[in-house]
Amino acid sequence: MGSSWLQWLLKYLLCLPGLAFATVLLLLALGIRGRRRRRPGEPPLINGYIPFFGVLFQIKNNPYKSIQDYQKKYGNIFTLKINGNYFTFVLDPFQYPLVLKNHKNFTFENFKDEFIKKIFLISIKPHMKKEFKDSQKYMQSKLLDLSYTLMQNMKHIMKERFLQAKNWETSQLYKFCISLIFEVTYIGFYGKDPGTNSGEVICELLNNFVKFDNEFLKLLLPLPTLSLRTLKNVREKLIQNFLSEHISNMQETSEIIKARKILLDKFTDLQDHEKAAHHFAFLWASVANTIPVTFWTVYYLLQHPEAVAVLRDEIDHLLQSTGQKKEPDFNIQFTREQLDSLVYLESIINESFRMTSISSNVRYSEEDITLNLGNEDVNLRKGDIIIIYPPFLHYDPEIFEQPEKFKFDRFVEDGKKKTTFFKRGKEVPYFLLPFGSGISKCPGRFLAMLEMKQFLILLFMYFDLELIEFKPLEFNNSRILFGIQCPESDISFRYKLRC
Ligand code: HEM
């Protein structure tokens, strides 16, 4: 009896489905055996059921809701196993500075290096790091200089495409925002190659960019190469676009890209392909978040005519005070200071950030450390990743009343920018975190704000716009913990020139 049972088991296990089943059993056994155990003083640990991946598949479809459920069960600090790493979530905003201001114990580089290596095929060697760091200030000032060029490009493209829109034209809002922001930014940074049809080049580049952007986080997963083949081919095409044989022909390249080229050429050990990958990563960073947040801002505004009226009024006042008129040739121009003085416009953009940003602040724990949280101590392990996840701040009803509602003037108080928000009667140290913070703060944040402001000014001053579909738009959750969320689907709208 015993041996026939064993024979049956062996026969079963050696057939193909049996082998797969046995592999799963083995993985589970290894997973359970190799499971990390919570040590005294450490935050609650949730390993999940799937070896290596941990809770990834549980949280992937709705990270905010999953993290909320963990918070209810385990409190404001807990550790999740995700994709082979241990992520400790710190959810109480008063505890953020313990992580974000402790640059000695919590660094960013390790995480960033891993991320850009897998996603963009870039590895930054130690001697390059210093050069990149030293050039940061110069690069930032060059980035800001670009805002004027972007406005000129925006006006030019709008004039070319929309000057005829005297009657209602219908379009898809997300596609509309992607195509404008992408083209304006790409030409602004890299210029044009007079030897090619730049319209076609940009169209192909944009198609590949969208395909890559929809799926890039899969590159972090240990998936079989075959299943990533299409994505890797798309990435390769995008990188190829920036090989020196292509970009050396570009004219009207911006100062920042020229400076980055000189910097990259300094590293004689860097192959042309990797330099091209640096350029692609830079382009991706410059549009990947600006596009969705611009889209959400327009989408929210189209549902709030009272906000559009206040916005138009604010811009009209600025036009008057700067002696300008809204002529039909899109020829209005504001300085950076003038754009900064538009408090309602800034509040509208900030409100969109608040509602759509999941830009997690990620830190790598350099050593075992005990964090004093005030009421308790918690031990964190070397190599763990600490996460500040902004949706918990942005949707906290104690800090932002009715957080699920778009309130266009939430960040205005007595006609000025509102910069203090409270929880439990105390001012919170951070109230809006779309651009990261401290050592990982986005160097393009000022340019992004200026670009969005200029885009919204032109759009709402020169056009009447209306949604023609009325459906609630969901987030597609493809970015899980990073950047600005993208919409699950597009939505139809119509526009025509304002008289
Ligand atoms: C709404 C628009 C934008 C948002 C929300 C945003 C957000 C962020 C965030 C959160 C980070 C930190 C990454 C992290 O902590 O993992 C980052 C980094 C970065 N961003 Fe932005 N960004 C925006 C626009 C731009 C623009 C216009 C540029 C222009 C070049 C840019 C260039 C970069 C670069 C180069 C980095 C990497 C910095 C580093 O190496 O440490 N970003 N961005």
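Residues numbered from 1 in each chain as written. Predicted model: local features only at pLDDT ≥ 70, side-chain atom pairs only at ≥ 80, totals over all residues. Heavy atoms only, no water.

## Brief notes about the pattern of salt bridges
Two side chains of opposite charge can pair, provided their charged atoms sit close to one another.
Next up, step 1: Scanning the model with the defined rule gives 27 salt bridges in all.
Next up, step 2: Across the pair Glu466 and Arg494 runs a salt bridge whose closest N-O atoms are separated by 3.0 Å. Of the two residues, Glu466 sits in strand S14 (residues 463-467) while Arg494 sits in strand S15 (residues 492-497), which places them 28 residues apart along the sequence.
Next up, step 3: Glu466 sits in the partly exposed class, given a relative accessible area of 34%.
Next up, step 4: Looking at Arg494, the relative accessible area reads 25%, which means it is partly exposed. (Salt bridge = Lys/Arg side-chain N within 4 Å of Asp/Glu carboxyl O. Helix = DSSP H or I, 4+ residues; strand = E, 2+ residues; numbered from the N terminus. Buried < 20%, exposed > 50% of the residue type's maximum accessible area, 1.4 Å probe, protein only.)

## Focus: the domain arrangement of the protein chain
It is common to give the size of an interface as the accessible area that goes away when the parts come together.
Next up, step 1: Per the domain assignment, the segments making up the protein chain are domain 1 (17-58 + 66-83) and domain 2 (126-497).
Next up, step 2: The straight-line distance from the C-alpha centre of domain 1 to that of domain 2 is 34 Å.
Next up, step 3: Three residues stand out in domain 1 for area buried against domain 2, namely Arg36, Ile67 and Ile77, and they jointly supply 35% of the buried area on that side.
Next up, step 4: The interface formed by domain 1 and domain 2 includes 2 salt bridges.
Next up, step 5: With a closest N to O distance of 2.7 Å, Arg36 and Asp384 form a salt bridge.
Next up, step 6: For the interface between domain 1 and domain 2, the tally reads 6 residue pairs in polar contact (both at pLDDT 80 or more).
Next up, step 7: Examining the composition of the side of domain 1 that touches domain 2, we find that 3 residues originate from one element, helix H4 (residues 63-74), more than from any other.
Next up, step 8: Class assignment of the residues belonging to the side of domain 1 that touches domain 2 gives a composition of 7 nonpolar, 4 polar and 4 charged. (Domains from an automatic or database assignment. Buried area = accessible area lost by both parts, 1.4 Å probe. Polar contact = N/O pair within 3.5 Å; in protein donor to acceptor, adjacent residues only side chain to side chain. Nonpolar A, V, L, I, M, F, W, Y, C, P; charged D, E, K, R; others polar.)

## What about the UniProt feature "binding site: substrate" (unreviewed entry) in the protein chain?
Next up, step 1: The positions that UniProt labels "binding site: substrate" (unreviewed entry) are, in the present scheme, Lys118 and Asn289.
Next up, step 2: Along the chain, Lys118 turns up in helix H6 (residues 109-120).
Next up, step 3: Residue Lys118 is classed as partly exposed on the basis of its relative accessible area of 36%.
Next up, step 4: Within the secondary structure, Asn289 sits in the loop between helix H14 (272-287) and helix H15 (290-302).
Next up, step 5: The class of Asn289 is partly exposed, set by a relative accessible area of 27%.
Next up, step 6: Look past the residues within four positions of Asn289 in its chain and what remains in contact with it is Arg479, Gly483 and Ile484. (UniProt positions renumbered as here; feature names shortened; annotations may be inferred. Contact = heavy atoms within 4.5 Å.)

## Here's the deal with the sheet that holds strand S3 (residues 85-90)
Next up, step 1: With mixed pairing, the 6 strands of this open sheet are ordered in space as S1-S2-S3-S9-S6-S4. A strand with exactly one partner marks an edge of an open sheet, and here the two such strands are strand S1 (45-46) and strand S4 (106-107).
Next up, step 2: Both S1 and strand S2 (residues 77-82) contribute to a ladder of 2 bridges, which runs parallel. Bridge pairing links Leu45 to Thr79 in S2.
Next up, step 3: Running over the sheet, H4 touches S1, S2 and S3 and is turned about 135° from S2. (Pairing = 2+ DSSP bridges. Axes fitted to C-alpha atoms, helices over the stretch in contact; angles between N-to-C directions.)

## Concerning the site of the ligand
Next up, step 1: By nearness alone, 22 residues border the ligand, and Lys112, Ala285, Phe435, Ser440 and Cys442 come closest of all.
Next up, step 2: Contacts to the ligand include Lys112, whose side-chain N or O atom sits 2.8 Å from an oxygen atom.
Next up, step 3: One of the backbone N or O atoms of Ala285 is found 3.4 Å from a nitrogen atom in the ligand.
Next up, step 4: For the shell around the ligand, the elements supplying multiple residues, two or more each, are H14, H15 and helix H20 (445-462).
Next up, step 5: Tallied by class, the residues present in the shell around the ligand amount to 14 nonpolar, 7 polar and 1 charged. (Near = heavy atom within 4 Å.)

## Points about the coordination of the iron atom of the ligand
Next up, step 1: Within the protein, a single donor atom binds the iron atom of the ligand, namely Cys442 (SG) at 2.3 Å.
Next up, step 2: With respect to the helices and strands, Cys442 occurs in the loop between strand S13 (426-427) and H20. (Donors = N, O, S within 2.8 Å, 3.2 Å for Na, K, Ca; no water.)

## Some details on unusual backbone geometry
Next up, step 1: In this structure, Leu121 takes a positive phi of about 65° despite not being glycine.
Next up, step 2: The exposure class assigned to Leu121 is partly exposed, which follows from its relative accessible area of 37%.
Next up, step 3: One non-glycine residue with positive phi stands out, namely Asn477, at about 60°.

## Section: the sheet that holds strand S5 (residues 169-172)
Next up, step 1: Strand order in the open sheet made by the 3 strands is S5-S15-S14, with antiparallel pairing throughout. Single-partner strands in this sheet number two, and they are S5 and S14. Averaged over all pairs of adjacent strands, the angle between strand axes in this sheet comes to 30°, irrespective of strand direction.
Next up, step 2: Strands S14 and S15 of the sheet are contacted by H20, whose axis makes an angle of about 90° with S14.

## Some remarks on the pairing of strand S9 (residues 385-388)
Next up, step 1: Because side chains alternate across S9, one face comprises the buried residues Ile385 and Ile387, and the other comprises Ile386 and Ile388, equally buried.
Next up, step 2: Judged from the 3 bridges that link them, S3 and S9 form a sheet pairing that is parallel. Bridge pairing in S9 places Phe87 opposite Ile385.
Next up, step 3: Where strand S6 (residues 361-365) meets S9, 4 bridges bridge the pair, whose relative direction is antiparallel.

## A short note on the UniProt feature "binding site: heme" (unreviewed entry) in the protein chain
Next up, step 1: This chain's UniProt record puts "binding site: heme" (unreviewed entry) on Cys442.
Next up, step 2: A residue is classified by how much of its surface remains accessible, and Cys442, at 26% relative accessible area, is partly exposed.

## Remarks on helix H10 (residues 198-215)
Every α-helix winds through 3.6 residues per turn, so residues three or four apart in the chain are directed the same way.
Next up, step 1: For H10, with 18 residues, the first-to-last C-alpha span of 26 Å sits near the 26 Å given by 1.5 Å per residue.
Next up, step 2: The complete set of buried residues in H10 reads Ile202, Leu205, Leu206, Asn208, Phe209, Phe212 and Asp213.
Next up, step 3: Buried positions along H10 lie against H6, helix H9 (173-190), helix H11 (229-240), H14 and H15.
Next up, step 4: If you check the start of H10, you find a side-chain oxygen 3.0 Å away from the backbone N of Gly199, and it comes from Asn197. (Expected span 1.5 Å × (residues − 1).)

## What to know about the side chain of Gln485
Next up, step 1: Structurally, Gln485 can be placed in the loop between S14 and S15.
Next up, step 2: You can call Gln485 buried: its relative accessible area is 10%.
Next up, step 3: Setting aside anything within four residues of it in sequence, one finds Gln485 in contact with Pro292, Trp296, Thr356, Ile358, Phe475 and Asn477.

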